[in-house]
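The lines below spell out each chain.
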Amino acid sequence: MKIKYLANDAHTLSVAEVLDIFQTNADTGLSKVEAAKRLKEFGLNVYTSQKQKSMWLILLEQFKSPIVYLLIFGAAVSLYFQDYIEAVAILVVILVNALIGFLMEMQARSSMNALKEMDIIKSKVIREGKVEEIPSENLTLGDIIVLEAGDLIPGDGRLIVVNQLKCDESSLTGESLPTEKNIEQLQKDTELGDQFNMVFKGSSVMNGNGKAIITGIAEHTQLGTITSLVENSTETATPLDKKLNVLSKKLIWLTLILTSIFAITGIVQGKDWVIIIKTSIVLAIAAFPEGLPIVATVALAYGMLLMAKRNAIVKKLSSVETLGSTSVILTDKTGTLTENKIYVETFSFPEENRKVSIDNNTLKFENGAIEKSQANFEKLRLVGALCNDAIIKNEAKKKPQGDPIEIALLQLADSSGQSSEEFKKQYERIAEVPFSADTKIMGTLHRSSEGNFVAAKGSVEHLLEKCNKIQFGTNIKDLDEKEKNTILEASEKMAADGLRVLAFSYKDGKDIDKDDFLKELIYVGMIGFLDPPRLDIKGTIISCRNAGIKVVMITGDHPLTALNIAKKVGLVEETEQKVIVGKDLPEMKSLTTEWKKKILSTAVFARTTPKQKLDIADIYQKAGNIVAMTGDGVNDAPALKKADVGIAMGLRGTQVAKETASIVLKDDKFKSIVEAISHGRAIFQNIKKFVIYLVSCNLSEIFIVTLLGFLAPAAILLPLQILFLNMVTDVFPALALGLGKGDRTNMKKPPRSPKKDIIENKDWIAIMIYAITITLSVAFAVIYCQKIITPDNKVANNVAFITLAFAQLFHVFNMSSLSSKLWMNDITKNKFVWLAVLICTGFMVLVYISPQMRLVLSLVELPTKVWFVSILASLIPLVVVQLYKIIFSKNH
């Protein structure tokens, strides 16, 4: 039978029929050979990407800009006046400008593609009887996938096993509530939203677990059908793009004003209208920073690649700017502030409390044996091994798979007596209640030769509510309130030592209700697990404080455990006792001003629900904070989406969390979050620097053309000379600034508001000073050469060109921070800056020694004195600014 897609029929077939059609087995899945064969036949499980722009289209788009239209008009004017050399040169400039833009955009695209390859979603699939993780794109028809809470569903599939499985299909059906799944056959005309025996690509598992057989991949899925209807999508401009556009418009208006003043003055003075037109064109060319948007994109893409190499994958360009503005980090405890390497540290049995360690697979107890609690220990070991989804013996992967606490429980079981694998073979699992953030309990029902057996574990207070008996050694007694309080007090003491505490219970018997087995349980004991704080976390918290970033811990763990860890990592003072517990938090609608202040002044929240996590983020945002939030579970997805920057854990995070977040940490370390924020600040600093550099250079060109138009019309810069400057002495240094490592002091300053423009009022003042200084130095050189050396008009023009070229080139060194040292700063340490200076100087030398280039740019051979004056004058802006910085640093 030929394998085929079951687009709309899979829900009408029985499990056996679907398995038969796809020639697969529910327990063993496909063989690797068969999977490879089907993958070749049906292709990868990816959509035919919305067509990327072709290279030719990208090249053509470089000609779609006001500056190009202006240059074409300038070329037409030159042709009209039979200035053929200038016309051809302008057309060459248009082509070279387009080529530079094309290469930069291709580089940015290449960087973004490299980032996408780092963020590959994986799926659990059964191949040859073993569960293994593979990239979702390698799934094929007939594959058996294993689904757990937090998974993104990688393809359409017919369910063959379900266990309290609920899926969020809101992206497909619009239904806001999770859909409960089963494996029953359905009628042909069943609506998509009512196909309870199917799972669909793009939806997510909210609760429970199950297995499904893949019946559709890529475009042959319900989501693929919808996606294929969308022919094209509109790209949304990032906040940075919008700010750059606003900046460009301001420069255009400034140019129009200056051009109008110059034109009106020229007409009044009776100047030749041809000169007025040409000068106006030059002014317009001088004002427009052609490379600004492209340089910004390259700087962002390059910065994002560096961040990815440092374990932070940024999925959205706009997140970089927001990341640098973060003022509050709401973080989980486990695995972020702590190592997420769980060890069994302490047992607590009724009437006893003992320390335990595992050495060479031998269980060692403090103060010798535990005769009285031996029966409790054996039962607890059994419960820990059965109520467990971790795998520690997996041939496909050397490392254990699963929750660290469950791995520790399996290692505990294997350390003494019967192994966990033998337990699982002896007790067949027939039902389970998965752990959830609401119940805080996991329970499993098993069948053995002696009857049924229930194993349960969870938070102490929640599990005790399900227990009515307690085991003392070999005796079982009724559990009264006094015993419950004794147990709770013991758990409080363990939690106060920074331990994560879980309670364990069980029951056995013949007639246990499969649908309601978590009741009337027998309490057997507690384990205190040690999850030590990360070694580097204390210094990182201090870095956050210095950077004006508040760190808040929000955990589902015990209040005393949370507070203990908070003290160890330096999040709160040793004397701090303030913790807000989830059950004490009022509903958002009834939240008083007093409570809002209390929340904003608290650094530790414990026993919180996902909904409360969302509310806390909302309160901080409404107080004017930019919030970054960490998350790993499916229930964290709403909070990750709500936060200004959602940060998912790459190692232990669910697929839903990673898909929702704007940043994914590859190593789950809190330090990586802070490094990402620092890098985000550095990237924005770089962007700001090259924007100030470009704008000040362009503004100086406007001022020079305007000033020389009044003082020395013969020395006025030509359109080609301006274009050469914009393409060489502007673009290369600007790119170098965009690729810098940033100022080391960026994490010693408070976060900036993302509402502010790239260039603030104080920056405009600095830009005006830079531009005026460059303008005056050029005017000085021109007038000096005209009056003292030679009155030749061509020499005067060349002096203006050379002085401006080198003044702009040296001006890049003025972009260091105001308080930085003269010789050792972030600009002088940037190897790309020195490379840009060498390249630009090389271009200038090449242009001057080439007769053809001299002809095109209207250059003549200059006396040594003229070169000396031009170079000396070009250093004036650098000397003036550096002297000001020296005086400023001494006074501050």
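It should be noted that the structure appears before, not after, this text.
Residues numbered from 1 in each chain as written. Predicted model: local features only at pLDDT ≥ 70, side-chain atom pairs only at ≥ 80, totals over all residues. Heavy atoms only, no water.

## Details of the packing of aromatic side chains
For step 1, the next point in the chain: A complete count under the given rule lists 10 aromatic pairs for this structure.
For step 2, the next point in the chain: Pairing phenylalanine 347 with phenylalanine 377 gives two aromatic rings, centres 5.4 Å apart and planes at 75°, and the pair type is edge-to-face. Placement of phenylalanine 347 in strand S10 (residues 343–349) and of phenylalanine 377 in helix H12 (residues 374–386) is noted, with a sequence separation of 30 residues between them.
For step 3, the next point in the chain: Take phenylalanine 347: its relative accessible area is 0%, and that puts it in the buried class.
For step 4, the next point in the chain: Classification of phenylalanine 377 as buried rests on a relative accessible area of 2%.
For step 5, the next point in the chain: Site record: aromatic cluster; members linked through ring pairs are Phe347, Phe349 and Phe377. (Phe/Tyr/Trp six-rings, centres within 6.5 Å; stacked < 30°, edge-to-face > 60°. Helix = DSSP H or I, 4+ residues; strand = E, 2+ residues; numbered from the N terminus. Buried < 20%, exposed > 50% of the residue type's maximum accessible area, 1.4 Å probe, protein only.)

## Digging into the sheet that holds strand S9 (residues 328–331)
For step 1, the next point in the chain: Ordered in space as S8-S25-S24-S23-S9-S20-S22-S21, the eight strands form an open sheet in which the pairing is mixed. Looking along the sheet, the strands with just one partner apiece sit at the ends: strand S8 (312–314) and strand S21 (580–581).
For step 2, the next point in the chain: Examined bridge by bridge, S21 and strand S22 (residues 604–606) share two bridges and lie parallel to one another. Within the sheet, the bridge partner assigned to isoleucine 580 lies in S22 and is phenylalanine 605.
For step 3, the next point in the chain: Packed on one face of the sheet, helix H20 (residues 610–622) meets S9, strand S20 (550–554), S22 and strand S23 (627–631) and runs near 165° to S23.
For step 4, the next point in the chain: Docked against the sheet, helix H23 (residues 670–711) engages S8, S9, S20, S23, strand S24 (645–649) and strand S25 (663–665), running at close to 160° with respect to S9. (Pairing = 2+ DSSP bridges. Contact = heavy atoms within 4.5 Å. Axes fitted to C-alpha atoms, helices over the stretch in contact; angles between N-to-C directions.)

## Quick word on the pattern of salt bridges
For step 1, the next point in the chain: As enumerated under the stated definition, the model contains 26 salt bridges in all.
For step 2, the next point in the chain: Of the charged contacts, one joins arginine 38 and glutamate 34 as a salt bridge, the two residues approaching to 2.7 Å between their closest N and O atoms. Taken together, the residues arginine 38 and glutamate 34, both in helix H2 (residues 32–42) and four residues apart, mark about one turn of the helix.
For step 3, the next point in the chain: Arginine 38 gets classed as buried once you look at its relative accessible area, which sits at 2%.
For step 4, the next point in the chain: Residue classification places glutamate 34 among the partly exposed positions, given a relative accessible area of 23%.
For step 5, the next point in the chain: The salt bridge involving arginine 429 is made with aspartate 389; its shortest N-O contact spans 2.8 Å. With a gap of 40 residues between them, arginine 429 in strand S13 (residues 428–433) and aspartate 389 in the loop between H12 and helix H13 (404–414) connect regions that are remote in the sequence.
For step 6, the next point in the chain: The class for aspartate 389 is partly exposed, based on a relative accessible area of 38%.
For step 7, the next point in the chain: In the salt-bridge network here, residues are joined through shared partners; they are Lys124, Glu148 and Asp151. (Salt bridge = Lys/Arg side-chain N within 4 Å of Asp/Glu carboxyl O.)

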